[in-house]
Amino acid sequence: WSQSSRTHVAHMRSGDFYSSDIATTIKDTGIVRIEFVADDGDIQVLKNNISVHSGDLVSTMFMSEKALRKFLDEEMEGARKADLLFSLHLKATMMKVSDPIIFGHAVTVYYEEAFKKYGATLAELEVNPNDGIGSVLKKVDQLPYSKRVEVETEFRRCYEIRPEMAMVDSDKGITNLHVPSDVIVDASMPAMIRTSGQMWNAEGKSQDTKAVIPDSSYAGVYAETIEFCKIHGAFDPTIMGTVPNVGLMAQKAEEYGSHDKTFEIKAAGKVQVMKANGDVILEHDVEQGDIWRMCQVKDTPIKNWVELAVNRARATAWPTIFWLDANRAHDAELIKKVTLYLKDHDTTGLDISIKSPVEATKFTLARIIKGENTISVTGNVLRDYLTDLFPILEL
């Protein structure tokens, strides 16, 4: 690692899932539904018959299409001006509805001029940018020769006005925007950190990178790790500490991608989570193109999760941290439960705390470098991220 490394993480500051997150704890067992009420008065039931139980945590959030596209455009231009590779890090394999849509926006923003100029032709070919630029160009291959060359030339011209892209395979010309499943954040970010914060350019050489993780919920974990490495250098696997994880997993306790409760909004209006009697529990104003989702966390497994954390803390005598952000509604509701359920256990002499992912990362890295171990206690998404991040750094 070089202290002059310009590699960094870029994430949205507003308009993302994190900033729109609202949550509540269900009081009465019953059935809820998700309704979309368009500004023109049209009502559509997006999902019906969702079972909820007393004590369950329900949160809803959305990502603004306008804010996302503005962010992507600005970060691409920033990467170009700074001579940094542009790389997008999502998890389209698990966030099966939301992340392919976000990926598609990155494709259409990067190749915006080509999509503008040949929009009608591409529509006729039924291209789906959510499947990546590789899929788009495969469809373009179907055009008559002269037209195909014309369209392909316009796509190639985009590389002259956009930043250099991080490559998945430089030899084959496969870029970071080729296929959504090629770059998975929990594997790609640790790998990039292992290679001194650099990724491969089109010439097959490593280069400083702007790592774009649009939603800010967990982007700070990687941002802090990169900044730590710039100061302290690479970790030494022979002496560094380890970070076992206690994940919120029992009985599928916390939804991961909420696939069946994620929707791309078709018009301006409101999305409401409603009881059977019509009472609105949670509500968002949304615009066309926004990505809205609901997440449900079951109460009983949360109690089990807290118990497992206490048991692990006692067995190891290591600091044990719940990675929860009090400024995020979903986590704020979880913090209430964790604080309550910790009272059911004898925690005398144990070092158990609650820290935001950013603060938990700082605390944990400061211990790792000294060879000290720390228990991370997290929800499902962070479980995936951390159980790749730390072991890959330890290899």
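Residues numbered from 1 in each chain as written. Predicted model: local features only at pLDDT ≥ 70, side-chain atom pairs only at ≥ 80, totals over all residues. Heavy atoms only, no water.

Draft legend 1. Structural context of helix H2 (residues 65-82). In this model H2 runs 26 Å from its N-terminal to its C-terminal C-alpha over 18 residues, within 8% of the 26 Å that 1.5 Å per residue would give. Along H2, the residues classified as buried are Leu68, Phe71, Leu72, Glu75, Met76 and Ala79. When H2 is viewed along its axis, its buried side chains cluster within an angular range of 130° and face the same direction. In H2, the exposed residues that point more than 90 degrees away from the buried face are Lys66, Lys70 and Lys81. (Helix = DSSP H or I, 4+ residues; strand = E, 2+ residues; numbered from the N terminus. Expected span 1.5 Å × (residues − 1). Buried < 20%, exposed > 50% of the residue type's maximum accessible area, 1.4 Å probe, protein only. Arc of directions from axis to C-beta.)

Draft legend 2. Highlighting the pattern of salt bridges. In this structure the tally under the stated criterion is 27 salt bridges. Close ionic contact of aspartate 285 with lysine 270 constitutes a salt bridge, the shortest N to O distance being 2.7 Å. Here aspartate 285, found in strand S14 (residues 280-286), pairs with lysine 270, found in strand S13 (residues 269-275); they are 15 residues apart in sequence, far enough to count as distant. Residues joined in a network through salt bridges with shared partners are Lys47, Glu255, Asp260 and Lys261. (Salt bridge = Lys/Arg side-chain N within 4 Å of Asp/Glu carboxyl O.)

Draft legend 3. Structural detail: unusual backbone geometry. We note that aspartate 83 has phi near 60°; this positive angle belongs to a residue other than glycine. Position of aspartate 83 among the secondary structure elements: in the loop between H2 and strand S6 (85-88).

Draft legend 4. Inspection of the sheet that holds strand S12 (residues 262-264) at higher detail. Taken together, 4 strands build an open sheet; the order of strands is S2-S5-S15-S12 and the sheet is antiparallel. A single partner strand is all that each edge strand has here, and the edge strands are strand S2 (22-25) and S12. Recorded for the sheet is a direction-independent mean angle of 10° between the axes of neighbouring strands. Pairing of strand S5 (residues 57-63) with strand S15 (residues 291-297) involves 7 bridges; the strand directions are antiparallel. Bridging from a neighbouring strand, valine 58 pairs with glutamine 296 of S15. Contacts from helix H11 (residues 329-342) reach S2, S5 and S15, with the element oriented near 30° to S2. (Pairing = 2+ DSSP bridges. Axes fitted to C-alpha atoms, helices over the stretch in contact; angles between N-to-C directions. Contact = heavy atoms within 4.5 Å.)

Draft legend 5. Seen up close, the sheet that holds strand S16 (residues 320-323). If you walk across this open sheet you meet the 4 strands as S11-S18-S16-S17, and the pairing is parallel. Looking at the sheet topology across the chains shown, the edges are occupied by strand S11 (245-247) and strand S17 (352-355). If you compare each strand with its neighbour and ignore which way they point, the axes differ by 25° on average. By the bridge criterion, 3 bridges tie S11 to strand S18 (residues 375-378) in an arrangement that is parallel. Across the sheet, residue valine 246 finds its bridge partner in S18, namely valine 377. Of the strands in this sheet, S11, S16, S17 and S18 are in contact with helix H10 (residues 299-316), which crosses S11 at around 165°. Set on the sheet, helix H12 (residues 357-368) makes contact with S16 and S17; between it and S16 the angle comes to about 150°.

Draft legend 6. Structural view of helix H6 (residues 133-140). Residues Ile133, Gly134, Val136 and Val140 constitute the buried set of H6. In a view along the axis of H6, the buried residues occupy a sector of 160°, so they form one face of it. Packed against the buried residues of H6 are helix H3 (98-110), helix H4 (112-117), helix H5 (119-124), helix H7 (145-161) and strand S8 (174-175).

Draft legend 7. Main features of the side chain of threonine 320. Tracing the backbone shows threonine 320 in strand S16. Within polar-contact distance, the side chain of threonine 320 engages the backbone oxygen of tryptophan 318 at 3.1 Å. (Polar contact = N/O pair within 3.5 Å; in protein donor to acceptor, adjacent residues only side chain to side chain.)

Draft legend 8. A look at the packing of helix H8 (residues 185-194) against helix H9 (residues 219-232). Running from N to C, H8 and H9 point in directions that differ by 10°, and their axes come no closer than 11 Å. As far as their axial angle goes, H9 and H8 are roughly parallel. Listed contacts from H9 to Val185, Asp186, Met189, Pro190, Met192 and Ile193 of H8 are Tyr222, Thr225, Ile226 and Cys229. (Parallel < 35°, antiparallel > 145°, perpendicular 65-115°, else oblique.)

Draft legend 9. Just the nonpolar core, in detail. By size, the foremost hydrophobic cluster in this structure holds 62 residues, and its most contacted members are Leu72, Leu88, Tyr111, Phe155, Leu177 and Trp305. When residues in this core are grouped by element, the largest group, 7 residues, is from H3. (Core = buried A, V, L, I, M, F, W, Y, C linked by side-chain atoms within 4.5 Å.)

Draft legend 10. Structural view of the pairing of strand S3 (residues 30-38). Bridge analysis of S3 against strand S4 (residues 43-52) gives 7 bridges, and the strand direction is antiparallel. Each bridged residue has a counterpart across the sheet, and for valine 37 the counterpart in S4 is isoleucine 43. Linking S3 back to S4 in an antiparallel pair, the connection comprises 4 residues, with glycine 41 at a positive phi of about 95°. Examined bridge by bridge, S3 and S13 share 7 bridges and lie antiparallel to one another. Bridged to valine 32 within S13 is lysine 275.

Draft legend 11. Highlighting the pairing of strand S10 (residues 206-212). The buried fraction of S10 amounts to 6 of the 7 residues, a majority that puts the element mostly inside the structure. Relative to S10, strand S1 (residues 8-10) runs parallel, the two being bridged by 3 bridges. Bridge assignment links valine 9 to a residue of S10, and that residue is alanine 211. As paired strands, strand S9 (residues 198-200) and S10 are joined by 3 bridges and run antiparallel to one another. Bridged to glutamine 198 within S10 is aspartate 208. The hairpin turn running from S9 into S10, its antiparallel successor, is 5 residues long, and glycine 204 in that turn takes a positive phi close to 80°.

Draft legend 12. Summary view of the packing of aromatic side chains. For the structure shown, the criterion picks out 10 aromatic pairs. Here the aromatic residues Tyr110, Tyr111, Phe115, Phe155 and Tyr159 are joined through ring pairs into a cluster of three or more. Cation over ring: lysine 355 sits above phenylalanine 363, and NZ or CZ is 4.9 Å from the ring centre. (Phe/Tyr/Trp six-rings, centres within 6.5 Å; stacked < 30°, edge-to-face > 60°. Lys NZ or Arg CZ within 6 Å of the ring centre and 35° of its normal.)

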